[in-house]
Every structure is written in C-alpha cells, then in structure tokens.
Amino acid sequence: QFPTRKPEEVSYYANYQDKIEALKAIAESRGCKTPEHLCREIEKIFVDDTAGIVLSTMHKAKGLESDRVFIIERFRLPAPFATQNWEREQENNLDYVARTRAKHTLVYVDDFCSDPDKRKQLESSIAEFRNSKQ
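Just so we're clear, the structure is a prediction, and the values are computed from it rather than from any experiment.

Conventions we followed
Residues numbered from 1 in each chain as written. Predicted model: local features only at pLDDT ≥ 70, side-chain atom pairs only at ≥ 80, totals over all residues. Heavy atoms only, no water. Helix = DSSP H or I, 4+ residues; strand = E, 2+ residues; numbered from the N terminus. Contact = heavy atoms within 4.5 Å. Pairing = 2+ DSSP bridges. Expected span 1.5 Å × (residues − 1). Buried < 20%, exposed > 50% of the residue type's maximum accessible area, 1.4 Å probe, protein only. Arc of directions from axis to C-beta. Salt bridge = Lys/Arg side-chain N within 4 Å of Asp/Glu carboxyl O. Patch = residues over 30% accessible without salt bridge, like charges linked within 9 Å, V, L, I, M, F, W, Y side chains within 5 Å. Areas by Shrake-Rupley, 256 points an atom, 1.4 Å probe, with all protein chains shown as cover.

Turning next to the overall build of the protein chain. Each helix and strand counted, the protein chain has four helices and two strands in total. Here the contacts in the protein chain between residues at least 6 apart in sequence split such that 55% fall between residues at least 24 apart.

Another aspect to go through is the pairing of strand β1 (residues 66–72). Consecutive residues of a regular strand have side chains that alternate between opposite faces of the sheet. Summarising the sheet, β1 and strand β2 (residues 102–109) pair through six bridges and their orientation is parallel. Looking across to β2, one finds that Phe70 is bridged to Val107.

Turning our attention to helix α3 (residues 85–99). Helix length check: α3, at 15 residues, gives a terminal C-alpha distance of 21 Å against a target of 21 Å (1.5 Å per residue), a fit within 8%. Among the residues of α3, those classed as buried are Glu87, Glu91, Leu94, Asp95, Val97 and Ala98. Take α3 and look down its axis: the buried residues cluster within an arc of 160°, on one side only. What points out from α3, more than 90 degrees from its buried face, is the exposed set Asn85 and Trp86.

This part covers the side chain of Asp95. You can see Asp95 is positioned in helix α3. Discounting chain neighbours no more than four positions away, the residues touching Asp95 are Arg74 and Leu77.

Two side chains that carry opposite charge are able to pair once their charged atoms sit near each other. For the structure shown, the criterion picks out five salt bridges. A cluster of three or more residues bridged by salt bridges with shared partners is formed by Arg30, Glu41 and Lys44.

This part covers the environment of Pro80. Tracing the backbone through its elements, the reader meets Pro80 in the loop between β1 and α3. Given the relative accessible area of 63%, Pro80 is considered exposed.

When you line up the elements, Glu41 lands in helix α2 (residues 35–45). A residue is classified by how much of its surface remains accessible, and Glu41, at 8% relative accessible area, is buried. Taking the C-alpha atoms as reference points, Glu41 and Ile26, separated by 15 residues in sequence, lie 7.7 Å from one another. In contact with Glu41, not counting residues within four places along its chain, are Ile26, Arg30 and Cys32.

Looking now at α2. By the burial criterion, the buried members of α2 are His37, Leu38, Glu41 and Ile45. Projected down its long axis, α2 carries its buried residues within an arc of 100°, all on one side. Opposite its buried face, α2 presents the exposed residues Pro35, Glu36 and Glu43, each directed more than 90 degrees away.

Let's shift gears to a nonpolar patch on the surface. Together, Tyr12, Tyr13, Tyr16 and Ile20 make up an exposed nonpolar region whose accessible area comes to about 410 Å². In this structure, Tyr12 sits in helix α1 (residues 11–30).

What follows is the structure in structure tokens.
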C-alpha cells in the first residue's frame, strides 16, 4: 500500500503511530524509565473495576455504559486512512458505539491538546492557575 498511498493514510501505520504517541505520553507523564515500569503504569490506567474516571478506547467501551461519557477529539472520526467504503462504515460504527455509551450525559471534548507544543502551553497555564490558588 505504501507505494501508492502516503504512510499516514494506511490504517495499520496510523494505528502504530497512535500507539507510539500514547506510550510516549504515558511514559513522560508517569516518569517511566523502563519498559516494565511503563507496563505497570498502563495496567493502572486500564482497569475494569474502579470507581471514578475510567479511560477506555472506543472499541473497549462496546457493551459498557456510564452515567457520563466524554469523547475526546471526535473530529478525528472518520480516520483519514479510512478511504474505502468498508473502512468508513467501520468508523461510523465505532462513532455510534462511542455515542451510545452514556446513560445521562455525553460530552465532546474537542479542545483537548494532542499537539505537544500546545499541550505544554496548556500544562503551564494549569500549573500557573493551581499555584495562584495556593
């Protein structure tokens, strides 16, 4: 597929890129220095039997419900690599699954900063705000 399409338009490439970025973000935010430490931190994030906030992929949320559901960056659906009809249909199905998990409140969070530079600026602003409250 690569000779005729840009790498970011190929689903498995985009999937791996997304996973790499997620691993980097977790490792950085949790101070992971070894793969073992990273694995332990990931296990803490994705647990099924917890009170409070539960993080999940849209795929993993299938069959689950919650009073409030927050969908981060819905504008990314359908994925840019979904160029064929069956791929777009799967993306639409995934969007439907995500939208139907909320019992009472569904919130779209489109100002979440996945851009590293914007995220650092946001984190700095939040830290400033927290320091001013102390």
